[in-house]
Amino acid sequence: MLAGLGAYVPPRIVSNRELCDRLDTSDEWIRSRIGVSSRRIAEGEATVDLAVRAGQRALAAADRRDIGAVIMATTSADRLCPAGAPEVASRLGLGSVAAFDIAAGCSGFVYGLAVASSLVTSGAFDSVLLIASEAFTALVDPSDRLTAVIFGDGAGAVVLTAGHAGQPGALGPFDLGSDGANADLVHIPGGGTRAKKNARGPTTDSAPFLRMNGPQVFELAVTNMSRSVRRVLAQADYSVTDLDAVIAHQANQRILDAVADGLGLDTHQMLSNLGQLGNTAAASVPLLMAQAAASGTLCAGQRVVLASFGAGLTWASTVLTWPEVRSVVE
């Protein structure tokens, strides 16, 4: 069950106007096409650094240190090897606990919830710290007007503990899926073994920056997130009218609006922080969870769906009744 939340965003705020000074774009275009007015950019901090800060806050919120495992979901790892979670665990003073990373694109946090919940319900661990952390702006071509305006950096974390099925804070059921045939629609071609083992030698396709087919990703994100939410609601024996809030991956405001419209949601049910933080990749769902809980937007007893879509392609959803839970965001 959900026992504590934490969030951290770097202090540097980058406005649309600042980006427009060096890119061929406008504040109006960014707001109307993406829905972003500003974003947070890490300076002197990398993914593990952000994760440690969010993890500290989640542990403080849960008021516990007896963590059995640390899982980090990220698409912007500090290194190809090793995973960042063991370093996070060490810097948090958690000792030699189990620690590993999950790579499932922007769906990584909800995938991580499924894994962490399974570890707890199986009896392997009494508690798990799950962190989604992204310094994703390091992987965006700063001269690409189509992607440089979308992303921001940040981290969100939750502590999961043992509980009972059906009680507030219990997670599940889950709906997880993928479509690897469309892996190239959102990808970073450079840095991995495929580029290095290319017999033709380095090419423009080996650049270490994000490449994205926006129109196709838009269509598939709306379709698959909507289907995933419907499937998980059916498994939980809920209808859309039973929901109080949906926390979906903060990719693009038009995607959020299209999913809400397709599901028949009222505007207030689809929560968003995209305008202030941009797309924070795998961190977007836990960041929004923590901020909504801290502000009182989410209240005990509300029925909430978490939904995501990302590179892979992957998608994931789950449902919970919101518990009395503390969130530390400052």
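Caption draft 1: Summary view of empty space enclosed by the protein. In this structure the tally under the stated criterion is one cavity of 30 Å³ or more. One number sums up the size of the largest cavity: a volume of about 40 Å³. If you go around the largest cavity, the residues you meet are Thr-47, Val-48, Met-72, Ala-77, Asp-78, Arg-79, Pro-82, Ala-83, Gly-84, Glu-87 and Asp-101. Of the residues contributing to the lining of the largest cavity, the split by class is five nonpolar, two polar and four charged.

Caption draft 2: Region of interest: the sheet that holds strand β14 (residues 327-328). Spatially, six strands are ordered β5-β4-β6-β7-β1-β14 in an open sheet, and the strand pairing comes out mixed. Since the sheet does not close on itself, it has two edges, and those belong to β5 (98-102) and β14, each with one partner. Relative to β14, strand β1 (residues 2-8) runs parallel, the two being bridged by two bridges. Counted as the bridge partner of Leu-5 is Ser-327 from β14. Packed onto the sheet, helix α5 (residues 108-121) meets β4 (69-73), β5, β6 (127-134) and β7 (154-161) and runs at close to 170° relative to β6. Across the sheet, helix α10 (residues 284-295) is in contact with β1, β6, β7 and β14; its angle to β1 comes to roughly 105°.

Cut-off values and rules
Counting restarts for each chain, with residues numbered from 1 along the sequence as it is written. pLDDT decides what is reported in this predicted model: residues at 70 or higher carry local features, side-chain atom pairs at 80 or more are listed and counted, and totals for whole chains, interfaces and linings draw on all residues regardless. Hydrogen atoms and water are omitted, and side-chain values are computed over all heavy atoms in the structure. In the cavity and pocket records, a cavity denotes points on a 1 Å grid over the protein atoms alone where a 1.4 Å probe fits but cannot get out, a pocket denotes an open set with protein on both sides within 12 Å along at least 5 of 7 lines, and lining residues are residues with an atom within 4 Å of a point. Grid points are joined across faces, edges and corners, and a volume is the space filled by probe spheres set on the points. All amino acids are sorted into three groups, where Ala, Val, Leu, Ile, Met, Phe, Trp, Tyr, Cys and Pro are nonpolar, Asp, Glu, Lys and Arg are charged, and the leftover types, Gly among them, are polar. Two strands qualify as a pair provided DSSP detects at least 2 bridges between them. Each helix corresponds to a stretch of at least 4 residues labelled H or I by DSSP, and each strand to a stretch of at least 2 residues labelled E; elements are numbered beginning at the N terminus. Any two residues whose heavy atoms approach within 4.5 Å at even a single point are treated as in contact. For helices, the fitted line uses only the C-alpha atoms of the stretch in contact; every axis is such a line through C-alpha atoms, and the angle between N-to-C directions lies from 0 to 180 degrees.

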